[in-house]
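These are the residues of each chain, in order.
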Amino acid sequence: MATADWALSRDLTTDDNQKEDLIREAFSDPSFMWGCATSAYQVEGAWNEDGRTPSIWDKFTHAGRAFKGSNGDQACDYYHRWQEDLDRVAQYGFNTYRFSISWTRVFPMDDQKNMYPNEKGIQFYKNILHYLSKKGIRPLVTMFHWDLPEKLDWLDEEVVDYFVEYADFLLTTFQEVDWWSTFNEPWTFCTMGYALGLHAPGKQSKYLQYQCGHNVLRAHARVVDLFRRRHFRMGMKIGLVLNYDFPFPKDPENPHDVDAVQADAVKGVGWFADPVYKGDYPELLKESLGEHLPKFTEEEKNLLLQGRACVGLTIGPGPEMVSFRRKD
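Procedures and definitions
- Residues numbered from 1 in each chain as written.
- Predicted model: local features only at pLDDT ≥ 70, side-chain atom pairs only at ≥ 80, totals over all residues.
- Heavy atoms only, no water.
- Helix = DSSP H or I, 4+ residues; strand = E, 2+ residues; numbered from the N terminus.
- Buried < 20%, exposed > 50% of the residue type's maximum accessible area, 1.4 Å probe, protein only.
- Contact = heavy atoms within 4.5 Å.
- Disulfide = S-S within 2.5 Å.
- Core = buried A, V, L, I, M, F, W, Y, C linked by side-chain atoms within 4.5 Å.
- Pairing = 2+ DSSP bridges.
- Right-handed = clockwise from strand over helix to strand, strands pointing away.

Draft legend 1. Just the overall build of the protein, in detail. Along its length, the protein carries 12 helices and six strands. For the protein, the proportion of its 328 residues judged to be buried stands at 48%. The long-range fraction of contacts in the protein, counting pairs at least 24 apart against all pairs at least 6 apart in sequence, stands at 76%.

Draft legend 2. Region of interest: the state of the cysteines. Taken as a whole, this structure holds one disulfide when the rule is applied. Across a sulfur-sulfur distance of 2.1 Å, Cys190 and Cys212 are joined as a disulfide pair. Its S-S torsion of about -70 degrees marks the bond between Cys190 and Cys212 as left-handed, since a negative value means left-handed. With Cys190 in helix H8 (residues 186-194) and Cys212 in helix H9 (residues 208-231), the pair connects residues that are 22 residues apart, well separated along the chain. This pair shows no difference in class: Cys190 is buried, exactly as Cys212 is.

Draft legend 3. Up close: the nonpolar core. One finds Trp103, Val106, Met143, Trp154, Phe163, Phe174 and Trp180 to be the most contacted residues of the largest nonpolar core, which totals 84 residues. Not counting the four nearest positions on each side in its chain, Trp154 is found in contact with Phe144, Leu148, Val159, Phe163, Phe183, Phe189, Tyr194, Gln211, Cys212, Asn215, Val216 and Ala219.

Draft legend 4. View of the pairing of strand E3 (residues 138-144). With five of its seven residues buried, E3 lies for the most part within the structure. Here five bridges tie strand E2 (residues 96-100) to E3, and the two strands are oriented parallel to one another. In the sheet register, Tyr97 faces E3, and the bridge partner there is Pro139. Sheet topology places E3 next to strand E4 (residues 179-184); four bridges connect them, and they run parallel. Of the residues in E4, the one forming a bridge with Phe144 is Phe183. With respect to chirality, the unit in which E3 leads through helix H7 (residues 158-173) into the neighbouring parallel E4 is right-handed.

This is the structure we're talking about:
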């Protein structure tokens, strides 16, 4: 091995050892959370069993809109085989598990758009929570991971009231849960679903994604307020999960490249993070979109500020909304 190659190899080995030391140090802290995550539509299957009603993803995939005509009708069959899956979660040494609840499985909607509890769906998640508790694994539960009831639309103002009612039902019904997330990656389901048309509900437009995001933020603010007024107990937390693919300026010395990266961050993560932390959209977003960006009322701005919540950030390419089929 050449001297330069040996030196590089030695440096990389040292770097790896330092990383391992940091990992060991983190794991020695009992408060360090190490886990994995799933979403209901991607893994559960059983799309029409035990009282579950269709979501927009059932409608989207059954129309042949997903990749190669795939759907989540069976997926990983987690609905029937959840126990062996959770055994693997425990075997891997995870001490936390983030999963989402299927809105239409626990709180389906009738033809008149009235929601009602579905006991079989509720018991399914109760069983999961009980089993996680036995294994010493903390649940972090996502209220909404993209599977909206098929009769609702994030473009309509009424969806905010429906989501608040659904969230209130979850917080009342699943009091075993201390850590909640209102939404998973709203940038993705609003942009992919209402701008590019690649995810459910499959609409293509130039600006509809901002109406989707606006209603999501209004719903989030109201649910956090509800959580703090009616459901909070010591140790409980609530937030939302945002995603962003962090770019770097091509030339860090070039102010135009630096500005381009900042603009991308504003449109990517600032779109949702600024309202949560600052009560309103970033000025750059307002300037670039003008009348196409919806406006918060003063009451809504105050509610966003008063209901500041924890924000989780997934970095790098986020998972596509595909279903994974189990292979035995």
